[in-house]
Amino acid sequence: MFYLEASQELLTLAKYILIPITCGLAALLSHMCVAVFHDGVRPILPELTEGRMSRKELASIAFGLSIGFIASIGFSFTVPTGIFNPWLLFLPTDIIGILMPKKSYAIAGGVAWGLACVFGFGALHTLLTSLPVNFFDALTELSAPVTPIFALFPIIAIGYQFGWKKAVFSGFVSILFRIIVTMNTGFSADSMTMLAGMILLIVFSVMQDMKLKKQNPELFKSFSQEEDGMFERNTARYKKHMFWIVLIGCLIAVMNNIGIFSGTEASIFTLHNAQQLAGTDIAGAKDLIYQSALNDLIRGIGFLPLQITTSLTSGAASVKGLSFLYAISLIASNPFVTVLLVAPLLVLEVYALRSIGRLFQKFPTLRAASENIRTAITTSLEFALVIGGISAARAMGGPLGLIIAGAIYLINESLGRPVMKLAIGPVAAIGTGIILNVLFCIGLFTI
Amino acid sequence: MRIAIGGLCKVEMERTIKACGYDDIQIFPMTDMEAMMKLRAKEVDYYFGVCHSGGGGAIAMMIGAFGYKSCCTIAMNGGKKATPEQINQYLDEGKFVFGFNNDSIERAVPEVLKCLINKTKG
């Protein structure tokens, strides 16, 4: 949260230096098949390293798997917030790195993409703020529902996994806990709602595991030798690349720490709210940053089995490690402290990879819970961002804004969702802002 | 026919398969790790996995275990979806692991089931 007191000039300078460097390094690591951001590309990397697929072929698969995320999440999360996100920066560097035939080309391509992003989005921001109908103020409405609605995701996960009775019970308990705790203490209401839900989810999971163990011990048996051998080979490959994994992780952590980058859909909007608040209410802004760190921590737990699985089956890392660096860098007081904390964390992650994999094997319900957590995070954020997008559109243009945003959302539904559901809220809000400006210019809309 | 389902949105996946109304399909929701062991032991025939992209978390475990040649992505994020001809080709190639993105379960799963049923009949 260093940037709450830092000068704007310093942060802008850091943005122009750090983003291209990190993108260049990310492209290099993707070229070397050491680390990629896309969880979907990682398991296919062995096809390239073991020579069953050409760079071109894999790059075209990576492009197909990534383009939806770049165009929808990457673009629409950064335009309203001004904070860069990994889908925008690192999905393209994955593709560039895989495609380029030489290391030097990969670095050059990555740096070029980083520069294009910083300059492109800088220019876009200037352009959009100079439009006659200013819709940036209204875009704060977009992120407003995210923090409270996100806090409900453990309850949705409980619903998926344990049925409606436990979901209704947990919803009731969490909201009651929220009311009582905020009446009597200064803790953030949303954090407390989420905490109560998470505790219930973990308790239910462990209870189920204990029951399952009695009924069906077969579930808990270990892997065959074949898998064990594959995992061992890949763990060794992973460890060999520790230097690179730590280096890129630290760069990303510093960008996150100074507030020019956010790693996840769970924190970017809350972080944006914090930055908006920083000028007037430092304490409130800090609360929101703690909240986004907590969001990232829990999201990290939800994604852990996926990260572990894809790394153990491919021997390649993610550029963000196991993604716990996000929570740490958000609460660290400055970039130096960030590096001091994150570097050992990343080393620890590399060494713990195999053991965490074994742990999930022992507790299958926790693994199942993580899949439900990921589903629930998406479901709750989709809902929050649709509400946010619609209220932002309404704040821009009243009923006219509402109907334009509604049309964008519904047309996307009818076409089989070319824009991801997670991104349609922001896309509808941005689209409405642009259409209102066009209508204003031809005299069909007045402020 | 026995289908293991894993990854995200298992509830929606199960509902979608059931809604297609085929009597001879058994559905087994489970984690991808269990599904991998069941596929290896031939206790299930096919695996349907879901993630945000349709190619990542959904089928990662299976790519590691059975190789990329046994796996395919039916629907990916951005609305791109395999045609029935492509699906039939995947089946002819002997693929048994199918990945879907979370947004297109309702549209893509019935098509795969139709192809699977036709294949077992013919």
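Residues numbered from 1 in each chain as written. Chains lettered and ligands numbered in written order. Predicted model: local features only at pLDDT ≥ 70, side-chain atom pairs only at ≥ 80, totals over all residues. Heavy atoms only, no water.

1. Details of the pairing of strand S1 (residues 2–7) of chain B
All names here are of chain B. Along S1, five of the six residues are buried, which leaves the element largely enclosed by surrounding structure. As defined by bridge partners, S1 adjoins strand S2 (residues 26–29) across four bridges and the pair is classed as parallel. Directly across from Ala4, in S2, lies its bridge partner Phe28. In this sheet, strand S3 (residues 46–51) lies alongside S1 in parallel orientation, the contact comprising five bridges. (Buried < 20%, exposed > 50% of the residue type's maximum accessible area, 1.4 Å probe, protein only. Helix = DSSP H or I, 4+ residues; strand = E, 2+ residues; numbered from the N terminus. Pairing = 2+ DSSP bridges.)

2. What about the side chain of Asp39 of chain A?
Summarising the element assignment, Asp39 of chain A is placed in the loop between helix H1 (8–31) and helix H2 (45–49). For Asp39 of chain A, a relative accessible area of 14% puts it in the buried group.

3. Focus: the interface of chain A and chain B
Bring the parts together and some accessible area is lost; that lost area is often taken as the interface size. Across the boundary between the two partners, chain A contributes 42 residues, which contact 32 residues of chain B. Buried area between chain A and chain B, both sides added, is near 3100 Å², and the carbon and sulfur share of it is 61%. Applying the counting criterion to the chain A and chain B interface returns one salt bridge. Between Lys10 of chain B and Glu371 of chain A there is a salt bridge, and its shortest N-O distance comes to 2.3 Å. Taken together, chain A and chain B are joined by six residue pairs in polar contact (both at pLDDT 80 or more). Mapped by element, the contributors of at least two residues to the side of chain A that touches chain B are helix H3 (55–81), helix H11 (225–240), helix H14 (282–314), helix H16 (335–362) and helix H17 (364–414) of chain A. Per element, the largest residue contribution to the side of chain A that touches chain B is eight residues, and it comes from H17 of chain A. (Contact = heavy atoms within 4.5 Å. Buried area = accessible area lost by both parts, 1.4 Å probe. Salt bridge = Lys/Arg side-chain N within 4 Å of Asp/Glu carboxyl O. Polar contact = N/O pair within 3.5 Å; in protein donor to acceptor, adjacent residues only side chain to side chain.)

4. Description of the pairing of S3 of chain B
All names here are of chain B. Counting buried residues in S3 gives six out of six residues, a clear majority hidden from the surface. Of the two faces of S3, the one carrying Tyr46, Phe48 and Val50 and the one carrying Tyr47, Gly49 and Cys51 are both buried. One ladder, built from five bridges, connects S3 with strand S6 (residues 97–101); its direction is parallel. Within S6, the position partnered with Val50 by the bridge is Phe100.

5. Here's the deal with the packing of helix H4 (residues 86–99) of chain A against helix H5 (residues 103–129) of chain A
Residues and elements named next belong to chain A. Viewed as axis vectors pointing N to C, H4 and H5 meet at an angle of 155 degrees, and their least axial separation amounts to 9 Å. The angle between H4 and H5 places the two elements in the roughly antiparallel class. For H4 against H5, the interelement crossing comes out right-handed. Contacts between H4 and H5 pair Leu88, Leu89, Pro92, Thr93, Ile96 and Gly97 from the former with Ala106, Gly109, Gly110, Trp113, Cys117 and Phe121 from the latter. (Axes fitted to C-alpha atoms, helices over the stretch in contact; angles between N-to-C directions. Parallel < 35°, antiparallel > 145°, perpendicular 65-115°, else oblique. Left-handed = near helix turned anticlockwise from the far one by under 90°.)

6. Description of the nonpolar core
Of all hydrophobic cores here, the largest spans 147 residues; its most connected members are Leu89, Phe90, Phe153 and Phe261 of chain A together with Met62 of chain B. Looking at this core element by element, the count peaks at ten residues for helix H12 (residues 242–257) of chain A. In this view, Leu89 of chain A contacts Ile19, Cys23, Phe84, Trp113, Cys117, Met255 and Phe261 of chain A; residues no more than four positions away in its chain are not counted. The next biggest cluster of nonpolar side chains, apart from the first, holds 28 residues, and it includes Ile3, Cys9, Tyr46 and Ala75 of chain B. (Core = buried A, V, L, I, M, F, W, Y, C linked by side-chain atoms within 4.5 Å.)

7. A closer look at the environment of Ile3 of chain B
Residues and elements named next belong to chain B. Among the structural elements, Ile3 can be located in strand S1. Taking the C-alpha atoms as reference points, Ile3 and Tyr68, separated by 65 residues in sequence, lie 19 Å from one another. Beyond its immediate sequence surroundings of up to four residues, Ile3 is in contact with Ile25, Gln26, Ile27, Phe28, Tyr46, Phe48 and Leu113.

Without other data, these values stay purely geometric and don't point to any function.
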